[in-house]
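Summary of the model geometry
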Amino acid sequence: MTELVQNPALDATADNTGKDHPMWSSRMAFILAASGSAVGLGNIWKFPYITGENGGGAFVLVYLLCIALIGIPIMIAEVMIGRRGGRSPINSMRNLTRRDGLSNRWIWIGGMGMLASILILSFYSVIGGWALAYIGNSANGLFVGASTAAIGTMFSSLLADPYTLLLWHSVFMLLVILIVARGLSSGMERAINILMPLLFVLLLVMVGYAMSTNSFAEGFAFLFQPDFSKLTTAGVLTALGHAFFTLSLGMGVMMAYGSYLPKQVSIVKTAVTVSVVDTLVALLAGLAIFPLVFANGLEAGAGPGLIFQTLPIAFGQMSGGILFGSLFFILLVVAAITSAISLLEPLVEWFEEQQGISRLSATLMGGISIWALGILTILSLNVWADVHPLGMFERFAGKTFFDLFDYATANLIMPLVGLATALFVGWFMAKPAAENEFDMGNGLAYQSFMFVIRFITPAAVLVVFIYNLS
Ligand code: PHE
């Protein structure tokens, strides 16, 4: 028992790399970092457009349920594994299975999660690059008075131009590498301490701007008035998939961040806080975006182009559009960067655990490989738009590299890792270890958590997984 209760980070450092294992400086530092990871393109780009496509209110309600019933328990489980293992996702799982005498097949949870984080960052950075390009477009007044067609062309010509995409993808990755290379406290914590407050201020400014239009009430009603006739099965599944993505689950990220979490911090309280922050940001982003869309008589269900094609039309027609348009895309970049650094961390942490690799080399190795992988996404948008690497299988017909990365992570790896994580913590992880990490005693809270993570979460994830495959 004493063996189980001691700080796992201490015995985990007993490998022979001779490196110290850093820790977040405070509970707040972890909350900001994990919220920074959670709040990203998913909240400001994806949540509003999938809400738009799925008819608003009822979809939002289902999404909130998914966050509470599936997202929060899995986040708790991932952070528990990370803190207990005290290492990169693969090595944390190795520590846990070894210590408790479990099959080492479980280690693939860590490996698959890390693979997903690599694939996702490779295209996340390309999209972050679009946002960077749009700061310039907005600041240079390119949206002002532009027709719908002109704004459509602006977006399609960006995607058609591999060199410009490469430039912005490189700038984005460079920023991420610069932050991550400086390490946990002088790089990531420092950047996050500046970027997260900036993000909240910008978001509130944007909501304030939306309130100044006369369509705020319409935007509000769209988000919060449920109309269940608009809800489809596919919509429910989209909501669940998005709950995973938006909370950064199934990718080893919360395990990696959890490995730096000091023992005295409550995992449950922080996971709930992070999920609430993430949800609030998504809702506020909706409140910032839909009123502008409605005020200009535009379409809420425009799909992925909502941010890059619909919203610029609104900015181009409104007073103050240059300023607020630029601030909006800065907000998008800030949100994307704090997520991207969390996507790079699992791989960097793992490299660092190898003999003789410094933080700097680990970051360069990870960052440059992922940057190179991102080129496949860039080419998928133009030169290789007709290259379908797995085209011989019907399921993957017509899918480019980018489509495949997105599909494999969102529909296969994320749910599988989520499912396995829930099963591992619910059924296999040593009980004293789980109770100890849960740190709220073994009363009602623990019992409910265990019930959800054993039955509800796996069942829900399984349903989505099977539906998506059929
Ligand atoms: N949660 C981030 C978002 O909403 C994306 C992300 C996924 C980040 C997985 C890290 C890990 O944009």
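Read on for a plain summary of the structure. Worth saying up front: this structure is predicted, and the values here are computed from it rather than measured.

1. Things to note about the overall build of the protein
Helix and strand content of the protein: 20 helices and 0 strands. Principal axes of the C-alpha set define a box for the protein whose edges measure 70 × 50 × 45 Å. Among the 470 residues that make up the protein, the fraction classed as buried is 60%. Considering only intrachain contacts with a sequence separation of at least 6, the fraction spanning at least 24 residues in the protein is 81%. Here the protein has roughly 17500 Å² of accessible surface; of this, 67% comes from carbon and sulfur atoms.

2. A closer look at the side chain of Ser-88
Considering the arrangement of structural elements, one finds Ser-88 in the loop between helix 5 (57-85) and helix 6 (89-99). On the accessibility criterion, Ser-88 (0% relative accessible area) is buried. Apart from residues lying up to four places away in sequence, Ser-88 is in contact with Pro-346, Glu-349, Trp-350 and Glu-353.

3. Remarks on the site of the ligand
Residues in close proximity to the ligand total 15 residues, the closest being Ala-38, Leu-41, Gly-42, Tyr-124 and Phe-245. Take Leu-41: an N or O atom from its main chain is 3.0 Å from an oxygen atom of the ligand. Note that an oxygen atom of the ligand is positioned 2.7 Å from one of the side-chain N or O atoms of Tyr-124. When the ligand sits alone it has 320 Å² of accessible area, and the protein chains cover 100% of it. Those elements that place two or more of their residues in the shell around the ligand are helix 3 (27-38), helix 4 (41-53), helix 12 (233-246) and helix 16 (321-352). By residue class, the composition of the shell around the ligand is 7 nonpolar, 8 polar and no charged.

4. Comments concerning the packing of aromatic side chains
One pass over the full model with this rule turns up 34 aromatic pairs. Note on Trp-130 and Phe-308: the rings are 5.4 Å apart at their centroids and 80 degrees apart in plane angle, and the pair reads as edge-to-face. Remark: Phe-308 occurs in the loop between helix 14 (267-295) and helix 15 (310-317) and Trp-130 occurs in helix 7 (residues 107-139); sequence separation between them is 178 residues. Under the relative-accessibility criterion, Trp-130 is labelled buried at 6%. Seen from their ring centres, Phe-220 and Phe-224 are 4.8 Å apart, and the 45 degrees between their planes marks the pair as tilted. Here the residue Phe-220 and the residue Phe-224 both occupy positions in helix 11 (residues 216-224), the gap between them amounting to 4 residues, near one helical turn. Three or more aromatic residues joined by ring pairs make a cluster, and in this case those are Trp-130, Tyr-134, Phe-143, Phe-155, Phe-308, Phe-315, Phe-328 and Phe-329. The positively charged end of Lys-46 is found above the aromatic ring belonging to Phe-245, 5.2 Å away from the centroid. Here Arg-454 stacks its cationic end above the ring of Trp-427, 4.4 Å away from the centre of that ring.

5. What about helix 19 (residues 431-438)?
Turning to helix 19, its buried residues number three or more, namely Ala-433, Ala-434, Asn-436, Glu-437 and Phe-438. Remark: Asp-439 follows helix 19 within two positions and exhibits a positive phi of approximately 45 degrees.

6. Here we look at the environment of Ile-194
Position of Ile-194 relative to the elements: it lies in helix 10 (residues 184-211). The class for Ile-194 is exposed, based on a relative accessible area of 58%. Sequence-wise, Ile-194 and Val-334 are 140 residues apart; in three dimensions their C-alpha atoms are separated by 9.9 Å.

7. Structural notes on a nonpolar patch on the surface
Together, Leu-65, Leu-69, Trp-427, Phe-428, Phe-451, Phe-455 and Ile-456 make up a nonpolar patch on the protein surface, roughly 670 Å² of accessible area in all. Looking at the nonpolar patch, the elements with two or more residues in it are helix 5, helix 18 (401-428) and helix 20 (444-469). Of all the elements, helix 20 adds the most residues to the nonpolar patch, at 3 residues. Structurally, the position occupied by Phe-455 is in helix 20.

8. A word on the environment of Ile-453
Following the sequence through the fold, Ile-453 ends up in helix 20. Accessibility expressed as a relative area gives 0% for Ile-453, which makes it buried. Apart from the residues lying within four places of it in its own chain, the contact partners of Ile-453 are Pro-73, Ile-74, Ala-77, Ala-422, Gly-426 and Pro-458.

9. Some thoughts on the pattern of salt bridges
All told, the structure shown has 9 salt bridges when counted by the stated rule. Ionic pairing is found between Arg-87 and Glu-353, a salt bridge with its closest N-O pair at 3.9 Å. Here the residue Arg-87 occupies a position in the loop between helix 5 and helix 6, and Glu-353 occupies one in the loop between helix 16 and helix 17 (359-380), the gap between them amounting to 266 residues. With respect to burial, Arg-87 and Glu-353 carry one shared label: buried. Among the ionic pairs, Glu-345 bridges to Arg-359, the shortest N-O distance being 2.7 Å.

10. Section: the side chain of Glu-78
Turning to its location among the elements, Glu-78 is positioned in helix 5. Buried and unpaired, Glu-78 has Arg-83 as its nearest opposite-charge partner, separated by 14 Å. Residues contacting Glu-78, with those up to four places away along its chain left out, are Ser-248, Leu-249, Gly-250, Met-251, Gly-252, Val-253, Met-254, Met-255 and Thr-421.

Conventions adopted
- Residues numbered from 1 in each chain as written.
- Predicted model: local features only at pLDDT ≥ 70, side-chain atom pairs only at ≥ 80, totals over all residues.
- Heavy atoms only, no water.
- Helix = DSSP H or I, 4+ residues; strand = E, 2+ residues; numbered from the N terminus.
- Buried < 20%, exposed > 50% of the residue type's maximum accessible area, 1.4 Å probe, protein only.
- Contact = heavy atoms within 4.5 Å.
- Areas by Shrake-Rupley, 256 points an atom, 1.4 Å probe, with all protein chains shown as cover.
- Near = heavy atom within 4 Å.
- Polar contact = N/O pair within 3.5 Å; in protein donor to acceptor, adjacent residues only side chain to side chain.
- Nonpolar A, V, L, I, M, F, W, Y, C, P; charged D, E, K, R; others polar.
- Phe/Tyr/Trp six-rings, centres within 6.5 Å; stacked < 30°, edge-to-face > 60°.
- Lys NZ or Arg CZ within 6 Å of the ring centre and 35° of its normal.
- Patch = residues over 30% accessible without salt bridge, like charges linked within 9 Å, V, L, I, M, F, W, Y side chains within 5 Å.
- Salt bridge = Lys/Arg side-chain N within 4 Å of Asp/Glu carboxyl O.
- Lys, Arg positive; Asp, Glu negative; His and termini not counted.

Worth remembering: the numbers are spatial, not functional.
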